[in-house]
Amino acid sequence: MQSPSGYKLVRLPNGACSVHSLAHHETFHPVIGPVAEAEALYLKQLALAERLQSHAGPFVLWDVGLGAAANALTVLRATRHLPSDVHLLSFDHTTEPLVFALKHSAELGYLAGYEDHLQKLLEAGMVEFTNARQRVRWEFHKGDFPALVSSPAAHELAKPDAIMFDAFSPAKNPAMWTQPLFAGLFHLLDPGRPCALPTYSRSTMLRVTLLLAGFFVGVGHPTGEKEETTIAANNLELISEPLDRKWLQRAHRSSSAEPLWTPVYRQAKLSPETYEKLRLHPQFL
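The rules behind the values
- Residues numbered from 1 in each chain as written.
- Predicted model: local features only at pLDDT ≥ 70, side-chain atom pairs only at ≥ 80, totals over all residues.
- Heavy atoms only, no water.
- Helix = DSSP H or I, 4+ residues; strand = E, 2+ residues; numbered from the N terminus.
- Rg over C-alpha atoms; globule rule 2.2 N^0.38 Å.
- Buried < 20%, exposed > 50% of the residue type's maximum accessible area, 1.4 Å probe, protein only.
- Contact = heavy atoms within 4.5 Å.
- Pairing = 2+ DSSP bridges.
- Axes fitted to C-alpha atoms, helices over the stretch in contact; angles between N-to-C directions.
- Core = buried A, V, L, I, M, F, W, Y, C linked by side-chain atoms within 4.5 Å.

Asker: Honestly, the overall build of the protein chain in this entry has me stumped. Any pointers?
Answerer: Helix and strand counts for the protein chain come out as eleven helices and eleven strands. Over its C-alpha trace the protein chain gives a radius of gyration of 18 Å, about what one expects of a compact globule, namely 19 Å for 285 residues. The buried share among the 285 residues of the protein chain stands at 55%. At a minimum sequence separation of 6, the contacts of the protein chain that also span at least 24 residues come to 66%.

Put into structure tokens, the structure is as follows:
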């Protein structure tokens, strides 16, 4: 099924249904499907159920790349039995994939029971509801995320306890993977509030970018055919397998490790200046 707005449903090899963007030529959660990927990459890796149980006050979760809302809904469904208070902030430049997904809720499955809340979110930009034993406040911030991060308005946003980062790939959407973007994101964090950010990429370029932005960085959980992903945090205790000096040596030899300093995709070896900054990162001292 194809939408005039540029999306279609696709059936994955494991039988799961997902959304495909015709403009970007990319499928959302393309290997194991929306729910399985969200569970492995975000829910379990961030230990969200465990953190919610021990968290005092609203747990603030940033959802960067709302898309068709699979990540956010998977988390809400899996943690609804916990007495908790979740403040969810979703970001995207468009609502089109979610509008499309709502029209195909039966085929996708994971939206079931949340359709009315999602419709209110689209209409008003915010919705509050009771999710079994959980209280939810969900905001949607539509617009250019890199521009938002660098604006004064970003400092008014609730500080996150965790970030689900799920943008299209650097080759298709380089503006979402630059060093200035992640540096700006890091500076928005509260140093006294431990925050972790997993994402699906394991590229050396991304990991260098995150390190230079100020994060500690480690090997993330496998998802589907990906043997590993990446997790970054402002607190080293949130990372179970930090990158070590052997990785640093491999990065030095890599042909694609220099961060994107501007929103133009390219591949390049580390510059001497970048390598020196990496070598002096607290993670490697």
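Asker: Got a minute to help me understand the sheet that holds strand E1 (residues 7-11) in this structure?
Answerer: Backbone-to-backbone hydrogen bonds join strands into a sheet, with any given pair of strands oriented parallel or antiparallel. On the basis of which strands lie adjacent, the open sheet formed by three strands has the order E1-E2-E3 and antiparallel pairing. For this open sheet the edge positions go to E1 and strand E3 (26-27), each flanked by a neighbour on one side alone. Summarising the sheet, E1 and strand E2 (residues 17-21) pair through five bridges and their orientation is antiparallel. Bridged to tyrosine 7 within E2 is serine 21. In this fold helix H4 (residues 96-103) packs onto E1 and E2, with an angle of close to 55° to the strand it touches most, E1.

Asker: How should the nonpolar core be read in this particular structure?
Answerer: As a rule of thumb, soluble globular proteins bury nonpolar side chains together. Formed by 90 residues in total, the largest nonpolar core has its most connected members in Trp62, Leu111, Leu118, Trp138, Phe145 and Phe165. Ranked by residue count, the leading element in this core is helix H9 (residues 204-213), at six residues. When neighbours within four sequence positions are excluded, tryptophan 62 is seen to be in contact with Leu89, Phe91, Leu157, Ala158, Pro160, Ala162, Ile163, Met164, Leu185 and Leu188.

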